[in-house]
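Inside the fold
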Amino acid sequence: MKILFLSILIISIFSRTLFAEQQKTLYFAPLPMKNEKKVIEEFFPLIEYMEKSLALKIKFNYKKDYNDILKGFMDGSIDMAYLGPLPYVVLKSEYSYIKPIVFFNQKNGTTSYRCAISKFSLDKFDPKKPFKVALTQPLSTCGYYITHKLLKEKFGILLENEKYDYKMSHTNALTSVMREEFLLAGSSLEIAKKFESLGMEVIAQSELLPAFAMVINTKTVSAQEIKKIRETLLSIPPSNYKKMGVRVEYGLSPVDETLYKSIDIKQEIPLRGNL
Amino acid sequence: MKLKIFISFVLFTLFTVFLLRYIQQTENQAIEDFNAHSLLTVNATYNAVIDTYEVAAKKDFNFLISNTKALTLLHTLKNTKDMPKRNILRGELYRTLYKSYDVMKAMHVKQFHIQTDKGKSLLRMHLPYKSEDNLMDIRKSIRVANTEYRSVIGFEGGRIFSGFRYVYPIIDKDEHLGSVEFSISFEGIESKLAALLPKYKYQLLIVKEESADKAFNSFKSAYSVSALHNNYYVENPELSFITRDTLTNCQILSLSKRVKHSPSFDEKLAQHKDFTVNIIDGEKAYSVNFINVLNTSKVHAGYLVYFSEEDEIINIVNKYNQHKIVATLLVVMVFVLLLIITNQIAKLRYAKNKLQFINSSLYEAQKIAHFGSIEYHYLENSYYLSDEVYNIFGVNPQTFKPSFKTFLLHIHPDDVKKVYNSYKQSIKDKTIYTIQHRLIRDNGEVVFVEEHATHEFNEDGEIVKSIGTIYDITQQMMAYKNLERFIDLQNAIVILTDGIEFQFANKSFYNFFGFENLETFTK
């Protein structure tokens, strides 16, 4: 009788543990962009694949900006996030329990990318005259941080002396130039190239920067789970990359954390535009 | 009897079943009429919304073809093959049109898309950096607009999303420049419908060929299989703001499951016609209506589905349930009444048979014993005579009219006075009337009879009925006479007495005592 009771107890505990494992839900914060629907669409196939492969429930926890993502990591409501190099370094400096686990490759298959400043071909850019700059987000790498750097290095202009505003995404920043609201836009080089089909041209581009990464909250996700997630992501067959949405289109690579050393977060970044 | 009751029970049960089925059919018809009305209303509203958007699209198209700068750019683009130059011209075109697109977006125009005369994407205002992909093979509406130069209106799948398309060919100065498309998302249609008919929750089911099959790979996840049927897709509720509310609504999900497993749902869905599925859940009723949506080739492309709670259906159901109860009760009551009546009839029939038997026995008895019975009802002045009375009187029952007078006419003239007095005296004294007398039959034959009668009186002492019997005692009298003669022949004196009075004495007695007969002796 005792043996039977113990067996039932052990099976019950074991089943509950298994059940708990199967039911665990991870919360993923995609890129904070203005168009929530669009950004969820972009990540949906990847998240669906991860759910199936890891037997985990993964829910989107969309945040409007990087500050909210930082808060989410801190209060445990975010377990994973898709982050560019600048927000990662900034978040890491404030919350050390985050860790990049894979890089999202760029179009050329590398784990680095560039930012750029673009304008419409027919618009005239005179560095001596005042102009307006469209930026992505305060903590976006290609936002204030790189645009400020490029304007200073390439044209000797201080961004803080010009008019600028945050448009919350690379596409929005570029589109606002097409809408004649701004003269220049700071964005990733890859997205800026897409806008060449609308007659936009890149007038300055940055050095190579570490690619976007899947960043994990090590306080809410166990080391074993992190290992499983990393292995799952890195084992996606290349033939499936295109099915995983635009963000995984060019594959995934292991993270080289030394690349983040090039990001200098001493630069002060205003959280609002000056328009 | 039991068999008859059983057969009646079976017949009534069958009748009840047919009656209930008839009521059920009437109820179904009432619900169908209600559904048809609902379908008609939403269908008319849906068509009105589509037509309104067509007017808006036409207006937008007219704006485009009257925009000189846009047309000039389109002419130039048609003749420019160099891609960098084309890109700049595309940018200029974007700058010419984006303000108009902003207005269109506010009107739920999701896509404002210009194509080249060869059916390639020239400028997607909603996704401006994505262009130059060939749409000729995938988008029939664009092929028709650029090859047959006519406008195409209807639902159609696309590279990015499925929607209601209004595609017009652009022809300026007799030159075909391409086509322009205005697309309304289901969100737009749904918001208008929700404003006009707010009681419903809407959903768009799209066939796979018009949804996931046509979308860019990166946009395929925008669709997911519908909870209603595996052959239909909906905007992915994980992504879509419009379907999320409807598709994640617990009640809608529960209704969808029940609809999916409702009888003949698959067959109805396969017919590609408007239809309704009603779900009744206790005190609540729901309608799930399907309106057939056609694509630009007028072929089934999906269904506009709308869910609603319908109190009217519950009212109809309750009303007809009452009818069913009343009908059942009426049938049961009629059945019980019929049982009672049948039972009574059986009892009456039994009593009648018994009476007939008694009558027949009495008739036979009266015939054998030569006695009849007479009833006289004073108030009605009516007589009842048994058959044997007619025989005793020697009259024809068909022609003889019984009355006091006709009776007296048949009494021997020597006995009339005696009979009359005796009868009257018995009424007066309220005593039993008994008398022996002679009757003269119609054929002249004389018969001896003995009558006994009694009378019934009302509360005031008035006579209401006389009941009597009449015996034909002729044979006894003959036998008696013969006995008298036999005794008279004897030398001995013979007397017969009841101990009080002399009943009879023979001639030897009279002769011995010097009397002629009994009468002179008793005097």
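First things first, this report covers the structure right here in the doc. Here the structure is a predicted model, which means the values were calculated and not measured.

How each quantity is defined
- Residues numbered from 1 in each chain as written.
- Chains lettered and ligands numbered in written order.
- Predicted model: local features only at pLDDT ≥ 70, side-chain atom pairs only at ≥ 80, totals over all residues.
- Heavy atoms only, no water.
- Helix = DSSP H or I, 4+ residues; strand = E, 2+ residues; numbered from the N terminus.
- Buried < 20%, exposed > 50% of the residue type's maximum accessible area, 1.4 Å probe, protein only.
- Contact = heavy atoms within 4.5 Å.
- Areas by Shrake-Rupley, 256 points an atom, 1.4 Å probe, with all protein chains shown as cover.
- Buried area = accessible area lost by both parts, 1.4 Å probe.
- Polar contact = N/O pair within 3.5 Å; in protein donor to acceptor, adjacent residues only side chain to side chain.
- Pairing = 2+ DSSP bridges.
- Axes fitted to C-alpha atoms, helices over the stretch in contact; angles between N-to-C directions.
- Core = buried A, V, L, I, M, F, W, Y, C linked by side-chain atoms within 4.5 Å.
- Parallel < 35°, antiparallel > 145°, perpendicular 65-115°, else oblique.
- Left-handed = near helix turned anticlockwise from the far one by under 90°.
- Nonpolar A, V, L, I, M, F, W, Y, C, P; charged D, E, K, R; others polar.
- Salt bridge = Lys/Arg side-chain N within 4 Å of Asp/Glu carboxyl O.
- Disulfide = S-S within 2.5 Å.
- Phe/Tyr/Trp six-rings, centres within 6.5 Å; stacked < 30°, edge-to-face > 60°.
- Lys NZ or Arg CZ within 6 Å of the ring centre and 35° of its normal.

**Points about the overall build of chain B**
Counting its regular elements, chain B contains 15 helices and 18 strands. Considering chain B as a whole, with its 523 residues, one finds that 45% of them fall into the buried category. Counted over contacts in chain B with a minimum sequence separation of 6, partners at least 24 positions apart contribute 52%. As displayed, chain B offers around 28,500 Å² of accessible surface, 58% of which is attributable to carbon and sulfur atoms.

**Quick word on the overall build of chain A**
From N to C terminus, chain A includes eight helices and 13 strands. At a minimum sequence separation of 6, the contacts of chain A that also span at least 24 residues come to 78%. A total accessible area of about 13,200 Å² is found for chain A, and carbon and sulfur atoms account for 54% of it.

**Comments concerning the interface of chain A and chain B**
Taken together, the 24 residues of chain A in the interface contact 26 residues of chain B. Carbon and sulfur atoms make up 60% of the surface buried where chain A meets chain B, a total of about 2,300 Å² over both sides. Interface area lost by chain A to chain B is led by K37, R179 and L198 of chain A, which between them contribute 26%. In this assembly, chain A and chain B are joined by 10 residue pairs in polar contact (both at pLDDT 80 or more). Elements supplying a minimum of two residues to the side of chain A that touches chain B: α2 (36–54) and α6 (170–178) of chain A. Here the side of chain A that touches chain B takes seven residues from α2 of chain A, the largest share from any one element.

**Considering the sheet that holds strand β8 (residues 163–166) of chain A**
Residue and element names in this part refer to chain A. Read from one edge to the other, the open sheet built from five strands follows the order β8-β7-β9-β6-β10, with strand pairing classed as mixed. Unpaired on one side and paired on the other, β8 and β10 (200–205) mark the two borders of the sheet. Neighbour-to-neighbour, the strand axes of this sheet turn through a mean angle of 30 degrees, independent of strand direction. Judged from the four bridges that link them, strand β7 (residues 132–135) and β8 form a sheet pairing that is parallel. Bridging across to β8, L135 finds its partner in Y166. The sheet contacts of helix α5 (residues 141–155) involve β6 (115–120), β7, β8, β9 (184–188) and β10, and relative to β6 the element is tilted by about 75 degrees. Set on the sheet, α6 makes contact with β6, β7, β9 and β10; between it and β9 the angle comes to about 155 degrees.

**A closer look at the nonpolar core**
Core analysis: the biggest nonpolar cluster contains 76 residues, and M50, F73, M214, I229 and L233 of chain A have the highest contact counts within it. If we ignore the near neighbours within four places in the chain, the residues touching I229 of chain A are L26, M50, L54, M80, I101, I216 and V221 of chain A.

**Brief notes about the packing of helix α1 (residues 2–65) of chain B against helix α9 (residues 311–369) of chain B**
Residue and element names in this part refer to chain B. At their nearest, the axes of α1 and α9 sit 10 Å apart, and the two run at 165 degrees to each other. By the angle between their directions, the pair α1 and α9 is classed as roughly antiparallel. When you trace α1 past α9, the crossing you get is right-handed. Grouping the constituent residues of the contact of α1 with α9 by class yields 20 nonpolar, eight polar and three charged.

**Points about the pattern of salt bridges**
Tallied over the entire structure, the rule returns 30 salt bridges over all chains. A salt bridge links K227 of chain A to E231 of chain A, with the nearest nitrogen and oxygen atoms 3.5 Å apart. Of the two residues, K227 of chain A and E231 of chain A both sit in helix α8 (residues 223–234), four residues apart, roughly one turn of that helix. Using a relative accessible area of 45% as the deciding quantity, one classes E231 of chain A as partly exposed. Residues E175 of chain B and K78 of chain B are paired through a salt bridge, measuring 3.4 Å at the closest nitrogen-oxygen approach. With a gap of 97 residues between them, E175 of chain B in strand β5 (residues 175–184) and K78 of chain B in helix α2 (residues 68–78) connect regions that are remote in the sequence. Three or more residues are tied together by salt bridges with common partners; here these are R179 and E181 of chain A together with D102 and K105 of chain B.

**Focus: the sheet that holds strand β2 (residues 57–60) of chain A**
Residue and element names in this part refer to chain A. Spatially, β2-β1-β3-β12-β4-β13 is the arrangement adopted by the six strands of the open sheet, whose pairing is mixed. Looking at strand neighbours, the two that pair on one side only are β2 and β13 (252–254), the edges of this open sheet. Recorded for the sheet is a direction-independent mean angle of 30 degrees between the axes of neighbouring strands. Where α2 meets the sheet, its contacts fall on β1 (25–29), β2, β3 (80–83), β4 (98–104) and β12 (213–217), and the angle it forms with β2 comes to roughly 170 degrees. Contacts from helix α4 (residues 85–94) reach β3, β4 and β12, with the element oriented near 170 degrees to β4.

**Thoughts on the environment of T16 of chain B**
Residues and elements named next belong to chain B. Mapped onto the fold, T16 is located in helix α1. Each C-alpha atom of the pair T16 and K324 lies 9.4 Å from the other, and the pair is 308 residues apart in sequence. Apart from the residues lying within four places of it in its own chain, the contact partners of T16 are T328 and V331.

**Considerations on the state of the cysteines**
Residue and element names in this part refer to chain A. Within this structure, the stated rule accounts for one disulfide over all chains. Here C115 connects covalently by a disulfide to C142, the sulfurs 1.9 Å from one another. Disulfide C115-C142: torsion about the S-S bond near -75 degrees, hence left-handed. Of the two residues, C115 sits in strand β6 while C142 sits in helix α5, which places them 27 residues apart along the sequence. For the pair shown, C115 and C142 are each scored as buried.

**Here we look at the pairing of strand β14 (residues 433–440) of chain B**
With burial as the criterion, only one face of β14 of chain B is covered, namely that bearing Y433, I435, H437 and L439 of chain B; the residues T434, Q436, R438 and I440 of chain B on the opposite face remain uncovered. The loop that links β14 of chain B with its antiparallel partner strand β15 (residues 446–457) of chain B comprises five residues; one of these, G444 of chain B, has a positive phi angle of about 90 degrees.

**Remarks on the packing of aromatic side chains**
This structure, assessed with the given rule, holds 44 aromatic pairs over all chains. Ring centres of Y144 of chain A and Y164 of chain A lie 5.3 Å apart, and the angle between their planes is 65 degrees; this geometry places the pair in the edge-to-face category. Of this pair, Y144 of chain A sits in helix α5 while Y164 of chain A sits in strand β8, and the two are 20 residues apart along the sequence. Here Y200 of chain B and Y202 of chain B contribute two aromatic rings whose centre-to-centre distance is 6.2 Å and whose plane-to-plane angle is 75 degrees, an arrangement assigned as edge-to-face. The same class applies to Y200 of chain B and to Y202 of chain B, which are both buried. Connected via pairs of aromatic rings, a cluster forms that spans F28, F43, F60, Y82, F104, Y113 and F212 of chain A. Sitting above the plane of the Y97 of chain A ring, K219 of chain A keeps its charged end 4.5 Å from the centroid.

Function cannot be inferred from these measures alone, as they are strictly geometric.
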